Amino acid sequence: MSAVSASSTAVGSISDPVRALQHALYRSAKADPGRRFHALHDKVYRRDFMVRAWAAVRANNGAPGIDNITLAEVEEYGVDRLLGKLAEDVRNRKWRPLPARRVFIPKPGSTEQRPLSIPAVRDRVVQAALKIVLEPIFKADFLPCSFGFRPKRSAHDALQVLIDQSWQGKRWVVETDIANCFEAIPFERLMQAVSERVSDSAVLRLVRTMLRAGVMQDGRVRRPVTGTPQGGLCEAAHKPPCGVPVSRAARVPSGICIGAVSHRWM
């Protein structure tokens, strides 16, 4: 029995069907940490999920991808028309993303530049729809000390924890970073981690297709075997949160992790 059918009563009690299904997936994932979810593919192209995905893309007001099609041009073409076409392609497993447009932006506090990859608007909609489906499943694996890349959590919340800890007598903050993290994530290890929670082969194929779409820079397309482009809605930031074994780190993404340090590191 699927998570959705198992929670039909709870789903019916909530007016927002998308949010209701997310709640059902989250509760099922939380109740069984070893569960692998199937029957997710049809949710990705479901009409209300596609509409919610477009709303997220439109609200972000991002730049066009390599096809130079802007959000305004999509609206002129017809949002319903585009969503219908995307839903048909995803349903029939014919959707193929374009390479992302590679640009470089200044890195704060440094002379270095950060690579940013901008997918086409149409591809961002599919990414957003997939994110809506998968996010509650992986959200259940987060620990309270994880703040990065989580809904309704931010670096400001992490800083508040540091302030609270300092008032409790803690005096040390240890900051670590993974050099070139996004570019170094191996596809196969990432897919293996995702498959620990997802068994739907069509959804796994979607994720793999997104990862292998590649980037276009200076008119040339690169399709590396590692790395997840920064810029799309399905970008991955897989850093180990506190208290989670490294072997499970890839399935519990966290950009910021707060943990108490009781002794000075020598």
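Residues numbered from 1 in each chain as written. Predicted model: local features only at pLDDT ≥ 70, side-chain atom pairs only at ≥ 80, totals over all residues. Heavy atoms only, no water.

Asks: Pulling in residues and values, what's your account of the overall build of the protein chain?
Replies: When helices and strands are counted, the protein chain shows 12 helices and 4 strands. For the protein chain, buried positions account for 39% of its 266 residues. Once local pairs closer than 6 in sequence are excluded, the contacts in the protein chain between residues at least 24 apart make up 72%. By element, 54% of the accessible surface of the protein chain is carried by carbon and sulfur atoms, the whole surface being about 14900 Å². (Helix = DSSP H or I, 4+ residues; strand = E, 2+ residues; numbered from the N terminus. Buried < 20%, exposed > 50% of the residue type's maximum accessible area, 1.4 Å probe, protein only. Contact = heavy atoms within 4.5 Å. Areas by Shrake-Rupley, 256 points an atom, 1.4 Å probe, with all protein chains shown as cover.)

Asks: Run through the pairing of strand E1 (residues 100–106), naming residues and quoting values.
Replies: Across 2 bridges, E1 lies against strand E3 (residues 215–217) in parallel orientation. Note on E3: the bridge partner recorded for Arg101 is Met216. Here E1 runs beside strand E2 (residues 113–118); their pairing, made up of 6 bridges, is antiparallel. Bridged to Ile105 within E2 is Arg114. A loop of 6 residues connects E1 with E2, the two strands running antiparallel in sequence, and Gly109 in this loop sits at a positive phi of about 70 degrees. (Pairing = 2+ DSSP bridges.)

Asks: Provide a residue-level description of the packing of aromatic side chains, including the pertinent values.
Replies: According to the stated counting rule, one finds 0 aromatic pairs in the structure shown. Stacked on the ring of Tyr45, the Lys or Arg Arg91 has its end atom at 5.6 Å from the ring centre. The ring of Tyr26 is capped by Lys139, whose NZ or CZ atom sits 5.6 Å from the centre of that ring. (Phe/Tyr/Trp six-rings, centres within 6.5 Å; stacked < 30°, edge-to-face > 60°. Lys NZ or Arg CZ within 6 Å of the ring centre and 35° of its normal.)

Asks: Requested: an account of the side chain of Arg124, with residues and values cited.
Replies: With respect to the helices and strands, the residue Arg124 is situated in helix H8 (residues 121–139). For the buried residue Arg124, which engages in no salt bridge, the nearest side chain bearing the opposite charge is Asp67, 7.4 Å off. For Arg124, the side chain forms a polar contact with the main-chain oxygen of Pro119, separated by 2.7 Å. (Lys, Arg positive; Asp, Glu negative; His and termini not counted. Salt bridge = Lys/Arg side-chain N within 4 Å of Asp/Glu carboxyl O. Polar contact = N/O pair within 3.5 Å; in protein donor to acceptor, adjacent residues only side chain to side chain.)

Asks: Talk me through the packing of helix H5 (residues 47–60) against helix H7 (residues 79–91); I want residue IDs and the actual numbers.
Replies: Two elements in contact, H5 and H7, have axes whose closest approach is 10 Å; the angle formed by their N-to-C orientations is 125 degrees. In terms of orientation, H5 and H7 fall into the oblique class. Classified by chirality, the crossing of H7 by H5 is right-handed. In this structure, H5 contributes Arg47, Met50, Val51 and Trp54 to the contact, and H7 contributes Val79, Asp80, Leu83, Gly84, Leu86, Ala87 and Val90. (Axes fitted to C-alpha atoms, helices over the stretch in contact; angles between N-to-C directions. Parallel < 35°, antiparallel > 145°, perpendicular 65-115°, else oblique. Left-handed = near helix turned anticlockwise from the far one by under 90°.)

Asks: Mind laying out helix H9 (residues 155–167), listing which residues take part and the relevant values?
Replies: Under the 1.5 Å per step criterion, the end-to-end length of H9 is 19 Å for 13 residues, consistent within 8% with the ideal 18 Å. Following H9 by one or two positions, Gly169 adopts a phi angle in the positive range, close to 105 degrees. (Expected span 1.5 Å × (residues − 1).)

Asks: How would you sum up helix H11 (residues 187–195)? Please name residues and give values.
Replies: By the burial criterion, the buried members of H11 are Phe187, Leu190, Met191, Ala193 and Val194. Down the axis of H11, the buried set is contained in an arc of 160 degrees. They therefore lie on one face. (Arc of directions from axis to C-beta.)

Asks: Give me the lowdown on the packing of H7 against H8, citing residues and values where you can.
Replies: At a minimum axis separation of 11 Å, H7 and H8 run at an interaxial angle of 60 degrees. In the crossing of H7 with H8, the sense of the turn from one axis to the other is right-handed. Side by side, H7 and H8 meet where Leu82, Leu83, Leu86, Asp89 and Val90 of the first sit next to Arg122, Val125 and Val126 of the second. For the contact of H7 with H8, the residue count by class is 6 nonpolar, no polar and 2 charged. (Nonpolar A, V, L, I, M, F, W, Y, C, P; charged D, E, K, R; others polar.)

Asks: Quick rundown of the sheet that holds E1? Include the residues and the values.
Replies: Strand order in the open sheet made by the 4 strands is E2-E1-E3-E4, with mixed pairing throughout. For this open sheet the edge positions go to E2 and strand E4 (220–222), each flanked by a neighbour on one side alone. On average, adjacent strands in this sheet sit at an angle of 40 degrees to one another, irrespective of strand direction.

Asks: Now, about the nonpolar core: what can you tell me, with residues and values included?
Replies: One finds Leu40 and Met50 to be the most contacted residues of the largest nonpolar core, which totals 46 residues. Mapped by element, the contributors of at least two residues to this core are helix H3 (17–31), H5, helix H6 (71–77), H7, H8, H11 and helix H12 (201–211). At 11 residues, the largest contribution of residues to this core is made by H8. Those residues in contact with Leu40, other than ones at most four positions away along the chain, are Leu25, Val133, Leu134, Ile137, Val198, Asp200 and Val203. (Core = buried A, V, L, I, M, F, W, Y, C linked by side-chain atoms within 4.5 Å.)

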